[in-house]
Amino acid sequence: MPEPVTVDDAIADRLASVRRRVSAAARAAGREPADVRILLATKTQPAERVLAALAADAAACAAEPALQRVLVGENRVQELVEKGPHVGPAAPAMHLIGPLQSNKVNAALRWATCVETVESLEPAQRLSSRAPRELDVLVQVNVSGEQTKHGVDPADAVDLAMRVASLPSLRLRGFMTIGARSPDDELVRAGYARLRALRDEVLASGAPGTDDALELSMGMSGDLEAAISEGATIVRVGTAVFGARATV
Ligand SMILES: *Cc1c(COP(=O)(O)O)cnc(C)c1O
């Protein structure tokens, strides 16, 4: 059932501008622009606006086949469930990028193709035992150490990643972090470099199930350049595409 999609030039223009930022940052870091995926962080955005962004993206990718389609990320399982039937068919992939409560596992599994927010073993075990098919997951690490942020402590991240990788229905695809909220660029970068080092340690371990743990989901509207220079493979962008959020 195709949904009517309103053309939204402002969203299309802002998405194009994010693409230019991503390409410039990748090239400056000696990387290929196609190696960095853009994930639309769609919290609070109604389905129509997400669909408008996906339509703009589909048109841009049709015009330039080297581009990779954007991904969609929701923070709340509730929003995944509400928007899933509308957005799911048009989205190349839907990621959960907010905390997963244990009573929402089944609802998350209905719509999420990747859960980026595994931060402890028990919810991962629950995901694995209930997943109807193999599910991609990222381990979320709190690289900034800020108390308010989710994610496993960096000191425990390698151990958790190896345990998650060994679960039967989960495919460990890499790591995710929310960067330090700081005007100090060096501090922000150090956090992202830490995530990359953790990933490299897990890859080098050769532990079962860790071969595909290549992804680094890090960087948002305000700091995607820093994240890309430290190796981000997914940048999660909300306000730079949709404009300021009224509430979160
Ligand atoms: C909202 C959000 C983003 C995007 O933030 P912007 O600053 O709007 O780009 C990225 N990741 C997570 C987990 C978010 O909640």
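Note that the coordinates shown come from a computational prediction; the quantities given were computed from them, not determined experimentally.

Colleague: Any chance you could explain the overall build of the chain here in plain terms?
Modeller: Across its full length, the chain carries 9 helices and 8 strands. Against the 2.2 N^0.38 benchmark of 18 Å for 248 residues, the chain shows a C-alpha radius of gyration of 17 Å, consistent with a compact globule. By its C-alpha atoms, the chain is 45 × 40 × 35 Å across when sized along the principal axes. In the chain, which carries 28 positive and 32 negative side-chain charges, the distance between the mean positions of the two groups comes to 3 Å.

Colleague: Before we go on, may I ask you to explain helix H5 (residues 121–130) in this structure?
Modeller: Side chains of residues three or four places apart in an α-helix project in the same direction, reflecting 3.6 residues per turn. Buried within H5 are the following residues: Ala124, Leu127 and Ser128. Buried residues of H5 fall within an arc of 95° about the axis and therefore sit on the same side. Elements that come into contact with the buried residues of H5 comprise helix H4 (105–111), strand S4 (114–118), strand S5 (135–140), helix H6 (154–165) and strand S6 (170–176).

Colleague: Please clarify how the site of the ligand should be interpreted in this entry.
Modeller: What surrounds the ligand is the set Ala41, Lys43, Asn75, Ile97, Ile178, Met220, Ser221, Arg236, Val237, Gly238, Thr239 and Arg245. Here Asn75 contributes a side-chain N or O atom positioned 2.7 Å from an oxygen atom of the ligand. Protein contact buries 89% of the 380 Å² of open area that the ligand shows by itself. Here the residues of the shell around the ligand are counted per class, giving 5 nonpolar, 4 polar and 3 charged.

Colleague: Sorry if this is basic, but what is going on with the UniProt feature "domain: Alanine racemase N-terminal" (unreviewed entry) in the chain here?
Modeller: In this structure's numbering, the residues bearing the UniProt feature "domain: Alanine racemase N-terminal" (unreviewed entry) are residues 46–245. For residues 46–245, the helix share is 44%, the strand share is 16%, and the end-to-end C-alpha distance is 12 Å.

Colleague: Looking at this model, I keep getting lost on the pairing of strand S1 (residues 37–41). Mind explaining?
Modeller: On any regular strand, side chains alternate: one points to one face of the sheet, the next to the other face. In terms of burial, S1 is a largely internal element, 4 of the 5 residues being buried. Both S1 and strand S8 (residues 234–237) contribute to a ladder of 4 bridges, which runs parallel. Paired with Arg37 across the strands is Ile234, a residue of S8. Taken together, the 3 bridges between S1 and strand S2 (residues 71–74) define a ladder with parallel strand orientation.

Colleague: For this particular structure, what's the right way to read the pattern of salt bridges?
Modeller: Going through the model one piece at a time under the given rule, you end up with 17 salt bridges. Of the charged contacts, one joins Arg173 and Asp136 as a salt bridge, the two residues approaching to 3.1 Å between their closest N and O atoms. In this pair, Arg173 sits in strand S6 while Asp136 sits in strand S5, placing the two residues 37 residues apart along the sequence. Asp136 carries the same exposure label as Arg173, and that label is buried. A salt bridge links Glu215 to Arg173; its shortest N-O distance comes to 3.6 Å. Of this pair, Glu215 sits in strand S7 (residues 215–217) while Arg173 sits in strand S6; the two residues are 42 residues apart in sequence, bridging distant segments of the chain.

Colleague: What's the story with helix H3 (residues 77–87) in this structure? I'm lost.
Modeller: Of all the positions in H3, only Val77, Glu79, Leu80, Lys83, Gly84 and Val87 are classed as buried. Across the axial projection of H3, the buried residues extend over an arc of 135°, all falling on one side. Summarising the contacts, the buried residues of H3 are in contact with helix H2 (47–63), S2, strand S3 (94–96) and H4.

What counts, and at which threshold
- Along each chain, numbering runs from 1 in the same order as the chain's sequence is written.
- With pLDDT at 70 or above as the cut-off, local features in this predicted model cover only qualifying residues; side-chain atom pairs require 80 or more to be listed or tallied, and sums for whole chains, interfaces and linings still use all residues.
- Processing note: side-chain calculations cover all non-hydrogen atoms of the structure and skip hydrogens and water entirely.
- Strands here are runs of E lasting at least two residues and helices are runs of H or I lasting at least four, both read from the DSSP assignment and numbered beginning at the N terminus.
- To get the radius of gyration, use the C-alpha atoms; to get the globule rule, take the number of residues to the power 0.38 and multiply by 2.2 Å.
- Here the positive residues are Lys and Arg and the negative ones are Asp and Glu; neither His nor the chain ends is included.
- Charge positions come from single atoms, namely NZ of Lys, CZ of Arg, CG of Asp or CD of Glu.
- Under the scheme applied here, a residue whose accessible area is under 20% of the maximum for its type counts as buried, over 50% as exposed, and between as partly exposed, the area being computed with a 1.4 Å probe on protein chains only.
- Picture the helix axis, draw a direction to every C-beta atom, and the arc is the one those directions span.
- Here a residue-residue contact requires only that any non-hydrogen atoms of the pair lie within 4.5 Å.
- We call a residue near a molecule or strand as soon as one heavy atom of that residue lies within 4 Å of the molecule or strand.
- In the analysis that follows, any N or O atom pair within 3.5 Å is treated as a polar contact, provided that within protein one partner can donate a hydrogen and the other can accept it, and provided that, for residues neighboring in sequence, both atoms belong to side chains.
- Reported accessibility uses the Shrake-Rupley method at a 1.4 Å probe radius. Residues are deemed covered only where the shown protein chains occlude them.
- Three residue categories are used. Nonpolar comprises Ala, Val, Leu, Ile, Met, Phe, Trp, Tyr, Cys and Pro, charged comprises Asp, Glu, Lys and Arg, and polar comprises the others, including Gly.
- UniProt positions are given in the numbering used here, feature names are shortened, and annotations may be inferred rather than shown by experiment.
- Note on pairing: two strands pair once DSSP finds at least 2 bridges between them.
- Salt bridge, as used here: a side-chain nitrogen of Lys or Arg that lies within 4 Å of a carboxyl oxygen of Asp or Glu.

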